[in-house]
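Geometric and topological summary
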Amino acid sequence: MPNFIIKTHQKDTTYKGNQIFILNKGMNSGKPQKEPFTNSFVIMFPDEKDAETVYWLAYSLWKSNFWHQFLIGSVIPFLRINDFKKDFDFKVNEMMQEHDLHQKQVQALRLLEQKEDQLHKNINLINEMRRAILNRYCRK
């Protein structure tokens, strides 16, 4: 089981070692990222392997809208750190029971993310081509 410490991220704090950040405000609460969010929790790990493993578990929870049931607040919903700590630890332990399945799913998620990045690049190229053609057409 991965070892980790969860804290509230303080603005302008730099961390040494391995960590991921989890957004804690808004409808995207639970979204993991390697770079800090303004409103986020930080999860610190002793080694990079644990950080990578837990990142993909957090990504899975976020994509499945797992954290929506814990959001409170009417204008800007947010996630409490105590709820997050308790349920995140439980879900990580639960999901890590089948480590082989987890590894296969992480591989599939990485592949999908690479494909998604490639598609975004292609869409950007298509939009640039469209703008270039329209600019040339409008100048005549």
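Residues numbered from 1 in each chain as written. Predicted model: local features only at pLDDT ≥ 70, side-chain atom pairs only at ≥ 80, totals over all residues. Heavy atoms only, no water.

Another aspect to go through is the sheet that holds strand E1 (residues 5-8). Spatially, the four strands line up as an open sheet ordered E1-E4-E2-E3, and their pairing is antiparallel. Looking at which strands have only one partner, the edges of the open sheet turn out to be E1 and strand E3 (32-33). Summarising the sheet, E1 and strand E4 (residues 40-45) pair through four bridges and their orientation is antiparallel. Looking at E4, one finds that Thr 8 is bridged to Phe 41. Along the sheet, helix H2 (residues 81-95) makes contact with E1, strand E2 (18-23) and E4, crossing E1 at roughly 165°. (Pairing = 2+ DSSP bridges. Helix = DSSP H or I, 4+ residues; strand = E, 2+ residues; numbered from the N terminus. Contact = heavy atoms within 4.5 Å. Axes fitted to C-alpha atoms, helices over the stretch in contact; angles between N-to-C directions.)

In regular strands, side chains alternate between the two faces of the sheet. Taking burial as the measure, the six residues of E4 include five buried ones, the bulk of the element. With six bridges connecting them, E2 and E4 associate as antiparallel partners. Residue pairing for E4: Leu 23 is matched across the bridge by Ser 40. (Buried < 20%, exposed > 50% of the residue type's maximum accessible area, 1.4 Å probe, protein only.)

Further remarks concern the nonpolar core. Counting 26 residues, the largest nonpolar core has Phe 4, Ile 43, Trp 67, Phe 84 and Phe 88 as its most contacted members. Broken down by secondary-structure element, the contributors of at least two residues to this core are E2, E4, helix H1 (48-63) and H2. Here the element with the most residues in this core is H1; it accounts for nine residues. (Core = buried A, V, L, I, M, F, W, Y, C linked by side-chain atoms within 4.5 Å.)

Contact pair H1 / helix H3 (residues 99-139): the axes reach a minimum separation of 11 Å and the direction vectors enclose 75°. The orientation of H1 relative to H3 falls into the category roughly perpendicular. Contacts between H1 and H3 involve Glu 52, Thr 53, Tyr 55, Trp 56, Leu 57, Tyr 59 and Ser 60 from the first element and His 102, Val 106, Leu 109, Arg 110 and Glu 113 from the second. Residues belonging to the contact of H1 with H3 are distributed by class as follows: six nonpolar, three polar and three charged. (Parallel < 35°, antiparallel > 145°, perpendicular 65-115°, else oblique. Nonpolar A, V, L, I, M, F, W, Y, C, P; charged D, E, K, R; others polar.)

Let us now look at empty space enclosed by the protein. Counted under the stated rule, the structure contains one cavity of 30 Å³ or more. Empty space within the largest cavity amounts to approximately 40 Å³. Looking at the largest cavity, the residues that line it are Trp 56, Leu 57, Ser 60, Met 95, His 102, Gln 105, Val 106 and Leu 109. Counting only elements with at least two residues in the lining of the largest cavity, the list comes to H1 and H3. With four residues, the top contributor of residues to the lining of the largest cavity is H3. In terms of residue class, the lining of the largest cavity is built from five nonpolar, three polar and no charged. (1 Å grid on protein atoms, 1.4 Å probe; cavity = no way out; pocket = protein on both sides within 12 Å on 5 of 7 lines; lining within 4 Å. Points joined across faces, edges and corners; volume = space filled by probe spheres on them.)

Moving on, we get to the pattern of salt bridges. If charged atoms from side chains of opposite charge come close, those side chains can pair. Under the definition given, this model contains three salt bridges. With its nearest N and O atoms 2.8 Å apart, the salt bridge here joins Arg 110 to Glu 52. With Arg 110 in helix H3 and Glu 52 in helix H1, this pair connects stretches of sequence that are 58 residues apart. For Glu 94, the salt bridge goes to Lys 91, with nearest N and O atoms at 3.2 Å. Taken as a pair, Glu 94 and Lys 91 lie in helix H2 at a separation of three residues, close to a single helical turn. Its relative accessible area of 17% is what places Lys 91 among the buried residues. One salt-bridge network, in which partners are shared between bridges, spans Lys 34, Glu 52 and Arg 110. (Salt bridge = Lys/Arg side-chain N within 4 Å of Asp/Glu carboxyl O.)

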